[in-house]
Each structure stands twice: as structure tokens, then as C-alpha cells.
Amino acid sequence: MATETNTQHYNPRPFGPLAANIQRTVTGFHTFMYRLSGGKIGGNVGGPILLLTTIGRKSGKERTLPLLYLKDGETFVLVASNGGAAKHPLWWLNLQANSQAKVQIGTHHVTMTATQANSEERTRLWPLLVKLYSGYAEYQKRTPREIPVVLLREV
């Protein structure tokens, strides 16, 4: 007879292929509408949104997606949560391979460099990020990795 245990099961791939395709489609539409409207549509969805364009570390192609951000002085702060998945989001892996990125906020375009917040910066910024979007706290509980806080600064 099997006995129940209190071990928590973690699904390293919380989204199936259908959900991944839906997410890609919604992200593509969001990006299209943001660009078309200069951020008037899709520029604030539960918080401020920017478009981040990275260079694919394997493909060498530009990859753009909308991300929630926090403004900290002249720095833009992103969270590489990947919805609490066990793996880092592809955009963060791309930035680790090439730290240069293009950012669009509204109609403003700027080239930025990405770095990962050090432990002191992360400790200061994490509560502000959770205040911006409370889901980040749940994502951190869900994943075994420490979710990176990414700092974007103008080149």
C-alpha cells in the first residue's frame, strides 16, 4: 500500500505546447499593437510595459517582447521570472550572451546594457517589484532558482 507524503511536486514545465503557442501569439499581438500605437495600446497592462529587443544567442536574430518594468532613477528594472519556471527566460539568456539591448518605451527608443542586480541591489529592489506585481513573490516560491533582477542602463 502506498502512503502519502508531504513532498511538494514541482512541475519544471508548467505550460504545455498549446499554452506556449497561445502565449507566443498573444505576445506577438501585444508587441505589434505597442509598436503601432507608440505604446498607447499595451504600454500599461497592470503596470508600465516596455518592449525589449535582444539578439538570439543561437539564431543571431532580433527577438522582441513586452515586459513589465520598474523605473529606479535612470535604471529600468526587469524580473527574469519566466512565470516561476525552473529555467531562466530566453530573453535573459540572450542578454547574458550579449548585454546590449534595444528598448522602446512609448515612442522613445534607446540602446541599453543589461546587468544582473547584485545581492544588495536585489534586496532593495525586490519588495518594490513585488509591490508593482505581487505575482513575483509566488513565482519565487514556485521555482528552485533565485529569480534574477535585471538592470538596464542607457549606453
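Residues numbered from 1 in each chain as written. Predicted model: local features only at pLDDT ≥ 70, side-chain atom pairs only at ≥ 80, totals over all residues. Heavy atoms only, no water.

Examining the layout of surface pockets
Volume-wise, the largest pocket comes out at about 1800 Å³. Around the largest pocket, the lining is made up of 46 residues, and of these Gln23, Thr27, Leu65, Asn82 and Pro89 lie nearest the centre. The set of elements that each furnish at least two residues to the lining of the largest pocket consists of helix H1 (17–37), strand E1 (49–55), strand E2 (62–68), helix H2 (90–97) and helix H4 (135–142). For the lining of the largest pocket, the leading source of residues is H1, giving eleven residues. When its residues are assigned to classes, the lining of the largest pocket shows 23 nonpolar, 17 polar and six charged. (1 Å grid on protein atoms, 1.4 Å probe; cavity = no way out; pocket = protein on both sides within 12 Å on 5 of 7 lines; lining within 4 Å. Points joined across faces, edges and corners; volume = space filled by probe spheres on them. Helix = DSSP H or I, 4+ residues; strand = E, 2+ residues; numbered from the N terminus. Nonpolar A, V, L, I, M, F, W, Y, C, P; charged D, E, K, R; others polar.)

Some thoughts on the side chain of Asn94
Within the secondary structure, Asn94 sits in helix H2. For Asn94, a relative accessible area of 5% puts it in the buried group. Other than its neighbours up to four places away in sequence, Asn94 contacts Thr54, Ile55, Gly56, Arg57 and Arg63. (Buried < 20%, exposed > 50% of the residue type's maximum accessible area, 1.4 Å probe, protein only. Contact = heavy atoms within 4.5 Å.)

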